[in-house]
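For reference, the chains in residue letters:
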Amino acid sequence: LDIVGLMCIPPYNSDPNPFFQELYDLNKNLNLKELSMGMSSDYLEAIKNSATYVRIGSNIFGKRT
């Protein structure tokens, strides 16, 4: 496998920033390029923590039923 980055989804109803910061640090230590973190509810925090990919599907398509 050619691993190019890491991904995380923090627990719902908690501050995502500590999780994003920890993943950013790990990604940097491993010298990987990509960092996928953040969803519709926390993508702005993910971008502030250097995410290179965010998942905003429910902001585009609406909530799942």
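A. Focus on the overall build of the protein chain. Summing up its helical and strand segments, the protein chain has three helices and two strands in all. Counting from the amino terminus, helix and strand elements in the protein chain follow one another as β-α-β-α-α. Dimensions of the protein chain, computed from C-alpha atoms along their principal axes, come out at roughly 40 × 25 × 15 Å. Expressed as a percentage of the 65 residues in the protein chain, the buried residues total 23%. Intrachain contacts of the protein chain at a sequence separation of at least 6 include 37% that bridge at least 24 residues. Summed over all atoms, the accessible surface of the protein chain reaches about 5100 Å², with 56% contributed by carbon and sulfur. Each charge class in the protein chain was averaged separately, 6 positive and 7 negative side chains, and the resulting centres sit 6 Å apart.

B. Representation of the layout of surface pockets within the structure. Estimates place the volume of the largest pocket at around 520 Å³. Around the largest pocket, the lining is made up of 19 residues, and of these Tyr 12, Met 39, Ser 40, Ser 41 and Ser 58 lie nearest the centre. Broken down by class, the residue content of the lining of the largest pocket amounts to eight nonpolar, seven polar and four charged.

C. Molecular detail of the environment of Ser 36. Within the secondary structure, Ser 36 is located in strand 2 (residues 34-37). The spacing of Ser 36 and Ile 47 is eleven residues in sequence and 9.8 Å in space, taken between C-alpha atoms. Sequence-distant contacts of Ser 36, that is, excluding residues within four places in its chain, are made with Leu 6, Met 7, Cys 8, Leu 23, Tyr 53 and Arg 55.

D. Spotlight on the side chain of Ser 40. Counting through the fold element by element, Ser 40 comes out in the loop between strand 2 and helix 2 (43-48). Of note is the side chain of Ser 40, whose polar atom sits 3.4 Å from the backbone oxygen of Ile 56. One polar contact links Ser 40 to Ser 58, side chain to side chain, over a distance of 3.0 Å. Every residue in contact with Ser 40, bar those within four places of it in the chain, is listed here: Arg 55, Ile 56, Gly 57, Ser 58 and Asn 59.

Rules behind the numbers
- Residues numbered from 1 in each chain as written.
- Predicted model: local features only at pLDDT ≥ 70, side-chain atom pairs only at ≥ 80, totals over all residues.
- Heavy atoms only, no water.
- Helix = DSSP H or I, 4+ residues; strand = E, 2+ residues; numbered from the N terminus.
- Buried < 20%, exposed > 50% of the residue type's maximum accessible area, 1.4 Å probe, protein only.
- Contact = heavy atoms within 4.5 Å.
- Areas by Shrake-Rupley, 256 points an atom, 1.4 Å probe, with all protein chains shown as cover.
- Lys, Arg positive; Asp, Glu negative; His and termini not counted.
- Charge placed at Lys NZ, Arg CZ, Asp CG, Glu CD.
- 1 Å grid on protein atoms, 1.4 Å probe; cavity = no way out; pocket = protein on both sides within 12 Å on 5 of 7 lines; lining within 4 Å.
- Points joined across faces, edges and corners; volume = space filled by probe spheres on them.
- Nonpolar A, V, L, I, M, F, W, Y, C, P; charged D, E, K, R; others polar.
- Polar contact = N/O pair within 3.5 Å; in protein donor to acceptor, adjacent residues only side chain to side chain.

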